[in-house]
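One letter stands for each residue in the lines below.
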Amino acid sequence: MSAEASVGSHAADSAQSAVSQPACLHTDEHRNQGLLGSKYIKLNVGGSLHYTTIQTLSKEDSLLRSMCNGETDVTIDSEGWVVLDRSGRHFELVLNFLRDGSVPLPEDHRELDEVLKEAQYYRVQGLVQHCLSVMQKQKDVFESVCRIPMITSAKEEQRMIATCRKPVVKLQNNRGNNKYSYTSNSDDNLLKNIELFDKLVLRFNGRVLFVKDVLGDEICCWSFYGEGRKIAEVCCTSIVYATEKKQTKVEFPEARIFEETLNILIYENNRGSGPGGLHLLDSRGSGSSLGAGQSEEEGAVGGDRRVRRIHVRRHIMHDERGHGQQTVYKD
């Protein structure tokens, strides 16, 4: 064989060898060429092996597309696997989203957050928005669930009310703090007050902070707070006399409690702050009147600001009095 033929044959072998080499090698020259010369790609993501196409990885303007077109350097091992130094736990989910355009996401909040982090790393914006949308829906569902704080001390209660930006409705009930027996209807009325509290929590959750306090001195008392101060109070208990002994009577002024709950919404999201809002809340309109058997007391708190203390007026029924006893009225 002549020298020219030998040289020509050697050049042809070199060209064929160059074509048969992998699309991306460790050298900078081949890294910059990307993976455009290949149709399929093998990915090793933190030890998790995946086999897909360049077309799938290039569907969105992401880090994976930039790896394919040579904008981002890639590392390939001796067996031709593109190595990514990330956890492979959720990478299959990322690939499925690129393939189908949508994918079911895990319900667990922690796993969903992990998927979001992977989508943000690979810059797959469609999956990022999908994760954020599902998280917002979960948040809306969680916010509709009742959450009643447990008060362990008076300081904790005062601090929570003072720092809360929402109006506060507190039900204070302590059945153990009673040295007198209950009347025949007191137990039922006490349970009705508690049930009403639960219903109001379900109805106004997210707009009002509801607090159930079982450590106070009152047996059954509603308190309403706005802008960190007490606006109104409805006391549902009183002492009555019957057959030569004292009894604790618990009432259920549902209409009054519901009215004060609606009234306290003036302070929702700091609305009604200022003289106009205070005037609306602290004054009684001509169309609003106390129900039969109710009394209202006002105590000054810092100038013109007053706390309405409403006590249901109690009276002794005729059949509750002993013969010859006078009827005793007591607030």
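Here the structure is shown first, and the text comes after it.
Small disclaimer: the values here were computed from a predicted structure and weren't measured. (Residues numbered from 1 in each chain as written. Predicted model: local features only at pLDDT ≥ 70, side-chain atom pairs only at ≥ 80, totals over all residues. Heavy atoms only, no water.)

Undergrad: Give me the lowdown on unusual backbone geometry, citing residues and values where you can.
TA: Positive phi, close to 60°, is recorded for Arg123, a residue that is not glycine. Structurally, Arg123 is set in the loop between helix H6 (109–122) and helix H7 (125–143). The backbone phi angle of Glu227 is positive, close to 55°, even though this residue is not glycine. Following the sequence through the fold, Glu227 ends up in the loop between strand E8 (220–226) and strand E9 (229–235). Residue class for Glu227 comes out partly exposed when judged on its relative accessible area of 32%. (Helix = DSSP H or I, 4+ residues; strand = E, 2+ residues; numbered from the N terminus. Buried < 20%, exposed > 50% of the residue type's maximum accessible area, 1.4 Å probe, protein only.)

Undergrad: So what's going on with the state of the cysteines? Which residues, and what values?
TA: Evaluated as defined, the whole model comprises zero disulfides. Free cysteine Cys236: the closest other cysteine sulfur is in Cys220, separated by 4.1 Å. (Disulfide = S-S within 2.5 Å.)

Undergrad: Tell me about the sheet that holds strand E10 (residues 237–242), and please be specific about residues and values.
TA: Strand pairs in the sheet, formed through backbone hydrogen bonds, run parallel or antiparallel to each other. Across the sheet, which stays open at both edges, the three strands sit in the order E6-E11-E10 with mixed pairing between neighbours. The open sheet terminates on both sides in strands that have one partner only, identified here as strand E6 (181–182) and E10. Relative to strand E11 (residues 245–250), E10 runs antiparallel, the two sharing six bridges. Each residue of the ladder has a partner; that of Thr237, found in E11, is Val250. Contacting E6 and E11, helix H9 (residues 186–204) crosses the sheet at an angle of about 30° to E11. (Pairing = 2+ DSSP bridges. Contact = heavy atoms within 4.5 Å. Axes fitted to C-alpha atoms, helices over the stretch in contact; angles between N-to-C directions.)

Undergrad: An account of the pattern of salt bridges is requested, with residue identities and associated values reported.
TA: The tally for this structure, following the rule as stated, stands at 11 salt bridges. Put simply, Lys117 and Asp113 hold a salt bridge, and the shortest N to O gap is 3.1 Å. Of the two residues, Lys117 and Asp113 both sit in helix H6, four residues apart, roughly one turn of that helix. If you follow the salt bridges from partner to partner, you end up with Arg89, Glu111 and Glu114 in one network. (Salt bridge = Lys/Arg side-chain N within 4 Å of Asp/Glu carboxyl O.)

Undergrad: I'd love a proper account of the packing of aromatic side chains, names of residues and values included.
TA: As enumerated under the stated definition, the model contains six aromatic pairs in all. Ring centres of Phe91 and Tyr122 lie 5.3 Å apart, and the angle between their planes is 65°; on these two criteria the pair is classed as edge-to-face. Highlighted residues: Phe91 in helix H5 (residues 91–100) and Tyr122 in helix H6, separated in sequence by 31 residues. Here Phe91 and Tyr122 have matching classes, each one buried. Taking 6.1 Å as the distance between ring centres and 55° as the angle between the ring planes, the aromatic pair formed by Phe197 and Trp222 counts as tilted. Here the residue Phe197 occupies a position in helix H9, and Trp222 occupies one in strand E8, the gap between them amounting to 25 residues. With a relative accessible area of 0%, Trp222 lands in the buried category. Linked through ring pairs, Phe91, Tyr121 and Tyr122 together constitute an aromatic cluster. The lysine or arginine in question, Arg86, covers the ring of Tyr121, its NZ or CZ lying 3.9 Å from the ring centre. (Phe/Tyr/Trp six-rings, centres within 6.5 Å; stacked < 30°, edge-to-face > 60°. Lys NZ or Arg CZ within 6 Å of the ring centre and 35° of its normal.)

All we've got here are geometric facts, nothing functional implied.
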